[in-house]
Each structure stands twice: as structure tokens, then as C-alpha cells.
Amino acid sequence: MKIYRFDEIDSTNDFMKRNEELEDFSLAIAEKQIKGRGRFGKKWYSEEGGAWFTFSLKEDKNIREENGKITLLAGKAVEEYLSENINMDFKIKWPNDVYINNKKICGILTEKRDDFFIIGIGVNVNIEVFGEFEKTAESLYRLTGEKYNIEKIIFGIIDRFKIIYNRFLKGEWKIILNEINEKNYLENKEISVLKGSEEIKGKVLKINSKGWLVLEKEDKNEIEIDSGEIRF
Ligand code: BTN
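Residues numbered from 1 in each chain as written. Predicted model: local features only at pLDDT ≥ 70, side-chain atom pairs only at ≥ 80, totals over all residues. Heavy atoms only, no water.

(A) Fine view of the layout of surface pockets. Within this model, the largest pocket holds a volume of roughly 820 Å³. Lining of the largest pocket is provided by 39 residues; of these, Lys42, Trp44, Asn96, Asp97 and Lys104 occupy positions nearest its centre. Of all the secondary structure elements, the ones that give two or more residues to the lining of the largest pocket are α1 (12-18), β3 (51-58), β5 (97-100), β6 (103-113), β7 (116-123) and β12 (229-231). Per-element accounting of the lining of the largest pocket gives the leading share, four residues, to β6. The class makeup of the residues in the lining of the largest pocket is 16 nonpolar, 14 polar and nine charged. Counted as a void, the second largest pocket has a volume near 340 Å³. (1 Å grid on protein atoms, 1.4 Å probe; cavity = no way out; pocket = protein on both sides within 12 Å on 5 of 7 lines; lining within 4 Å. Points joined across faces, edges and corners; volume = space filled by probe spheres on them. Helix = DSSP H or I, 4+ residues; strand = E, 2+ residues; numbered from the N terminus. Nonpolar A, V, L, I, M, F, W, Y, C, P; charged D, E, K, R; others polar.)

(B) Local environment of the sheet that holds β5. On the basis of which strands lie adjacent, the open sheet formed by seven strands has the order β1-β2-β3-β7-β6-β5-β4 and mixed pairing. The strands lining the two open edges of the sheet, one partner per strand, are β1 (3-9) and β4 (91-93). Adjacent strand axes in the sheet meet at a mean angle of 20 degrees when their direction is disregarded. Examined bridge by bridge, β4 and β5 share three bridges and lie antiparallel to one another. For Lys91, the partnering residue across the bridge sits in β5 and is Tyr99. (Pairing = 2+ DSSP bridges. Axes fitted to C-alpha atoms, helices over the stretch in contact; angles between N-to-C directions.)

(C) Molecular detail of the sheet that holds strand β11 (residues 222-225). Spatial ordering of the open sheet is given by β11-β10-β9-β8-β12, a layout of five strands whose pairing is antiparallel. Edge positions in the sheet fall to β11 and β12, since each has one partner strand and no second. For this sheet, the mean inter-axis angle between neighbouring strands, taken without regard to orientation, is 45 degrees. Direction of pairing for strand β9 (residues 198-207) relative to strand β10 (residues 213-216): antiparallel, over a ladder of four bridges. Each bridged residue has a counterpart across the sheet, and for Ile207 the counterpart in β10 is Leu213.

(D) Region of interest: the site of the ligand. Around the ligand, a shell composed of 20 residues is seen, among which Ser11, Gln33, Arg37, Arg39 and Lys104 lie nearest. Arg39 places a polar main-chain atom, nitrogen or oxygen, 2.6 Å from an oxygen atom of the ligand. In isolation the ligand offers 420 Å² of accessible surface; the protein chains occlude 97% of this area. When atom positions are compared with the pocket grids, the ligand is found to occupy the largest pocket. At the level of secondary structure, the elements contributing two or more residues to the shell around the ligand comprise α1, β3, β6 and β7. It is β6 that provides the largest number of residues to the shell around the ligand, a total of four residues. For the shell around the ligand, a count of residues per class yields five nonpolar, eleven polar and four charged. (Near = heavy atom within 4 Å. Polar contact = N/O pair within 3.5 Å; in protein donor to acceptor, adjacent residues only side chain to side chain. Areas by Shrake-Rupley, 256 points an atom, 1.4 Å probe, with all protein chains shown as cover. Sits in = over half its atoms within 2 Å of the grid points.)

(E) Quick look at the packing of aromatic side chains. Overall, the coordinates contain twelve aromatic pairs when judged by the stated rule. Among the aromatic residues, ring-to-ring pairing joins Phe25, Phe55, Phe161, Tyr165, Phe168 and Trp173 into one connected group. Lying across the ring of Phe117, Lys112 places its NZ or CZ 4.8 Å from the centre. (Phe/Tyr/Trp six-rings, centres within 6.5 Å; stacked < 30°, edge-to-face > 60°. Lys NZ or Arg CZ within 6 Å of the ring centre and 35° of its normal.)

(F) Representation of a negative patch on the surface. Residues Asp7, Glu8, Glu31 and Glu48 make up a contiguous surface patch of negative charge. Relative to the elements of secondary structure, Asp7 occurs in strand β1. (Patch = residues over 30% accessible without salt bridge, like charges linked within 9 Å, V, L, I, M, F, W, Y side chains within 5 Å. Salt bridge = Lys/Arg side-chain N within 4 Å of Asp/Glu carboxyl O. Lys, Arg positive; Asp, Glu negative; His and termini not counted. Charge placed at Lys NZ, Arg CZ, Asp CG, Glu CD.)

(G) Summary view of unusual backbone geometry. At the junction of Trp94 and Pro95, the peptide bond is cis and its omega measures out at 0 degrees in the coordinates. Of note, Asn102 is a non-glycine position whose phi angle comes to about 65 degrees, a positive value. Mapped onto the elements of the fold, Asn102 is located in the loop between β5 and β6.

Set out below in C-alpha cells:
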């Protein structure tokens, strides 16, 4: 595993996308990102104190992998690691977050470069104040009053991801999906999903075998959604 450590960088995802020596499970870690990015080009809080990292994953041509499923597997890795090490009820929020107490503790940004997935994970570890993100973000420090070893968390999450990904390669997607649905933050919530200019409203039923979100609309018809921005 090739590891790149930075005191400061634009974004670990951007570094990995321009990295000329990309291998399977190359890892970039930054103490601070100047242009930390979330989905839809949103800014990601990236001051010192967080686990800001990106790893590469070589696509396996024999199985159907999509960004969406890979992101869910990564979300499950984070949820499992945190639940096991900090005894609290962490949840997976489709498609790319981990939540605790209705606040975001982790965001995941999966991108593609050639035949590699570029999996960027941000975990709010030792952060004391979030500034403009105060209302929506949470950190492990604020939850527990403890400061954590950030690299230990990063390597712990990657080890978890490898275990889950191997299960996925062995054909265990259905079982993993059940486990993800047991931790589905959105279950039974009334939400709307923004897809381009379209807004779809409904009650969340589950994540289906494609890794898509299934909603029950007001007219009781079900609709499955491949991606989008969630609103409450
Ligand atoms: C989101 O919530 O929309 C995804 C946030 C992803 C943040 C991580 S931090 C490490 C990596 N580098 C980035 O610029 N983004 C991801």
C-alpha cells in the first residue's frame, strides 16, 4: 500500500485523480485540505482535526460494481468501525454519509478515474467548532469529549472496507445490503429527493438490490431512485 501524507493539499481526491503512480489501495492522507469537496461541488469542512483521506480501488471487471454500491460499502465500513470503537448508534445515510443524532459525522465522495474508484472519506474526528457547518455536522470529540488518533481511525476504516469488499466479491451483496438496511438512517422518514430540476417526495422504504433508494409516494406507488440530493 503506497501512502502519501500531506500537511496541506487542495483535496486528497484531486491528488489521487492526478497521481501518476496509481495502484490498488494507494492512500492519500491530509491534515488539512484547502479545497475539500463534497458531492454536487459543495465545500467540505477540511481544517485540521479531521480524518481526510482518499484511497484507490482497482475495478474488478468480473462483477457489477457501481459508484453507488462502492459508496455504500465504504459507508458501512465507517459505520462498523465507529459503532465498534465508540459505543453509539451510528447510521448509514443513503447514499454517502454516516450520521449520529441527526447530524453528519462522515461524508464519502466516490469518483472514477480510468479503471480505479477514487474513494474519498472525511470523518469529523477531533473538531471543536465547525463554523458555517455548525448546525449539520458532528465530531467524535464533541460526542465523547475525547481526542482520537486520526491515523488509527483511517487504517481501521480501510481494514474494515477490505473485509466488507472481500465479502462483496464473494457474492455476499444481499447479506451486506440487509445489514446496511438495518442501519438505514432514512428508513420511514418523509423526504424529498432532488434530481436535477425534479423533486420526488415520499416515505423511505429501503435501499434495494441495485443500491437505489425506494420511496413510497403519496399515491402509494413505489419509486426507486439511483442518485440525488436528500431534503427533509
Ligand atoms: C459529501 O458529504 O458530499 C462528501 C464529502 C467527502 C469529503 C472527503 S474528505 C477527503 C476527500 N477529499 C475531498 O475533497 N473530499 C473527500
